[in-house]
Amino acid sequence: LAKSVGGNTWRFFAADMAPRASQKAELEGELRSALKRQEFVLYYQPLIDLRSGGVVGAEALLRWRHPRRGILSPDAFLGLAEETGLILPINEWVLREACRQGVVWQETGLGVLRIAVNLSPIQFRRQKVSELVRDVLDSSNLPPASLELELTEGILISHDEQIVTQMELLRSIGVSLSVDDFGTGYSSLNYIRNFPLHRLKIDRSFVKDLANDPRALAIVRTIIDLGHILNLQVLAEGVEEEAQLAMLRAEGCDEVQGYYFSRPVPSESFAEWLTTRGGEGVCGAL
Ligand code: C2E
Ligand code: MG
Ligand code: MG
Ligand code: MG
């Protein structure tokens with residue numbers, strides 16, 4: 001390629017590519033040492049029951065406290081973590097840390113919260129997830145019923161027997177399983193029928209347009225009905241406005257999550273927020 005284009009062009013590309021490649025290499029190096037240096041932290045976002053108005057759980061969301069770049073969201077490094085396989089030790093840390101935190105909250109009287117953890121498709125391909133989860137629950141003493149694992153449609157559409165087996169083992173352990181970002185993946189309805197699921201999480205792109213797009217409302221209504229007919233709970237993600245909340249309640253949605261209640265925050269802030277707001281059933285906003 002260098003020969004077929006002019007010298008200047010080649011230099012242009014070389015100059016353009018080099019920093020990007022080296023930036024990636026640098027990020028990879030930093031990602032490798034981030035676990036050892038304890039740079040990862042979990043933020044928590046409340047999960048709210050629409051009927052009681054109470055906080056029933058928290059989703060653990062990964063953050064990287066980068067020494068120079070500040071707090072990084074998963075979008076900035078998850079791709080690279082999956083590409084390099086580093087997601088395996090990172091997500092194992094996430095599971096352990098989230099379960100540890102769940103037990104601390106139970107013991108300090110904050111309540112029995114369901115702790116939701118996101119899993120990566122890579123883990124299902126390369127790890128015996130059920131053995132890892134069993135081990136993490138044993139060593140943390142978190143009751144299995146307090147742990148929920150969030151899977152994406154990408155994991156569920158693969159026709160891999162191994163994945164079905166892993167999910168059945170997870171179910172037998174007593175943890176619950178939810179489908180994250182529901183409606184944005186491959187939308188094969190077969191997997192909802194065949195997998196031992198507990199909950200659908202409606203993607204926030206549908207919730208975003210709920211109040212001003214009748215088609216978004218139609219989709220949300222359909223997902224809620226489908227979930228209920230199949231005996232699944234339905235949670236709506238990304239609730240930011242009162243109007244969205246009112247519509248979700250009218251449609252019979254079970255749970256909600258979003259900036260309207262709280263952004264994801266560090267564990268101490270979460271505990272503080274929950275204490276000030278009041279416990280189960282007390283919800284000023286509802
Ligand atoms: P997700 O699991 O669908 O998580 C919800 C995302 O929506 C979070 O982004 C959250 O901060 C954001 N969000 C919540 N409420 C609102 C809202 O009202 N409005 C808007 N605009 N956004 C809202 P975040 O924390 O940046 O995480 C992005 C994604 O990264 C997650 O999407 C999840 O797929 C992935 N992720 C996060 N933590 C982990 C982890 O520990 N392991 C793995 N494998 N993936 C993770
Ligand atoms: Mg999630
Ligand atoms: Mg989601
Ligand atoms: Mg997402």
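Nothing here was measured: the structure is a model prediction, and the numbers come from that model. All residue numbers refer to position in the chain's written sequence, counted from 1. As they are written, the chains are lettered A onward and the ligands numbered 1 onward, keeping that order. The predicted origin of the model limits local features to residues at a pLDDT of at least 70 and limits the giving and counting of side-chain atom pairs to 80 or more, whereas totals for whole chains, interfaces and linings rest on all residues. Only hydrogens and water are removed before side-chain values are computed, so all heavy atoms of the structure are retained for them.

Engineer: Tell me about helix α3 (residues 87-107), and please be specific about residues and values.
Structural biologist: Under the 1.5 Å per step criterion, the end-to-end length of α3 is 30 Å for 21 residues, consistent within 8% with the ideal 30 Å. Comment: elements are numbered from the N terminus, with helices defined as DSSP H or I runs of at least four residues and strands as E runs of at least two. Gly109, located one to two residues past α3, shows a positive phi value of around 80°. By definition here, a helix of n residues has an expected span of 1.5 Å times n minus one.

Engineer: So, the environment of Leu137: which residues are in play, and what are the values?
Structural biologist: With respect to the helices, strands and loops of the structure, Leu137 is situated in helix α5 (residues 129-140). Each residue is placed in one exposure class: buried if its accessible area under a 1.4 Å probe, protein chains only, is under 20% of its type's maximum, exposed if it is over 50%, and partly exposed if it falls in between. We classify Leu137 as buried; its relative accessible area is 6%.

Engineer: Give me the lowdown on the site of ligand 1, citing residues and values where you can.
Structural biologist: In the vicinity of ligand 1 lie 24 residues, with Asn91, Asp180, Arg204, Glu240 and Tyr259 positioned nearest. Nitrogen and oxygen atoms within 3.5 Å of one another constitute a polar contact, given that in protein one can donate a hydrogen and the other can accept it, and given that sequence-neighbouring residues count only through two side-chain atoms. Glu59 places a side-chain nitrogen or oxygen 3.0 Å from an oxygen atom of ligand 1. Here an oxygen atom of ligand 1 and a side-chain polar atom of Asp181 are 3.0 Å apart. Every accessible area reported is derived by Shrake-Rupley at a probe size of 1.4 Å, with residue values counting cover from the shown protein chains alone. In isolation ligand 1 exposes 800 Å². Once the protein is present, 87% of that is buried. Taken together, the elements giving at least two residues each to the shell around ligand 1 come down to β2 (55-66), α3 and β6 (176-182). The rule for a residue being near a molecule or strand is that one of its heavy atoms must lie within 4 Å of it.

Engineer: Account for the pairing of strand β4 (residues 114-118), with residues named and values stated.
Structural biologist: Taking burial as the measure, the five residues of β4 include four buried ones, the bulk of the element. In this analysis, strands are considered paired if DSSP registers two or more bridges between them. With four bridges joining them, β2 and β4 adopt parallel strand pairing. From the neighbouring strand, Ala58 faces β4, where its bridge partner is Ile115. Strand direction decides the pairing type here: β4 and strand β5 (residues 147-152), joined by four bridges, are parallel.

Engineer: Let's hear about the packing of α3 against α5: which residues, and what values?
Structural biologist: The N-to-C vectors of α3 and α5 enclose an angle of 35°; their axes lie 9 Å apart at closest approach. As for the relative orientation of α3 and α5, their crossing is right-handed in sense. Taking contact as the criterion, the partners of Glu92, Leu95, Arg96, Cys99, Arg100 and Val103 in α3 are, on α5, Leu132, Val133, Asp135, Val136, Leu137, Ser139 and Ser140. Inter-axis angles, ranging from 0 to 180 degrees, are taken between N-to-C directions of lines fitted to C-alpha atoms, where helices are fitted over the stretch in contact. In this scheme the crossing of two helices becomes right-handed for a clockwise turn of the near helix relative to the far one and left-handed for an anticlockwise turn of less than a right angle. A contact between two residues is defined here by any heavy atoms of the two lying within 4.5 Å.

Engineer: Any details on the nonpolar core? Residues and values, ideally.
Structural biologist: One broad rule of soluble globular proteins: the nonpolar side chains tend to lie buried together. We call a set of buried Ala, Val, Leu, Ile, Met, Phe, Trp, Tyr and Cys residues a nonpolar core when their side-chain atoms join them within 4.5 Å. In this structure, Leu147, Leu149 and Leu248 are the most contacted members of the largest nonpolar core, which totals 79 residues. Apart from the residues lying within four places of it in its own chain, the contact partners of Leu149 are Leu95, Val117, Leu119, Val133, Leu170, Val175, Ser176, Leu177 and Ser178.

Engineer: I'd like a rundown of helix α10 (residues 214-229), residues and numbers included.
Structural biologist: The first and last C-alpha atoms of α10 sit 22 Å apart over 16 residues, in line with the 22 Å expected at 1.5 Å per residue. Looking at the buried side of α10, the elements it contacts are β6, β7 (199-202), α9 (204-208), β8 (233-236) and α11 (242-250). Among the residues of α10, the N-terminal cap falls to Asp213, whose side-chain oxygen and the backbone nitrogen of Arg215 are separated by 2.9 Å. Positive phi appears at Asn231, one or two residues downstream of α10, with a value of about 70°.

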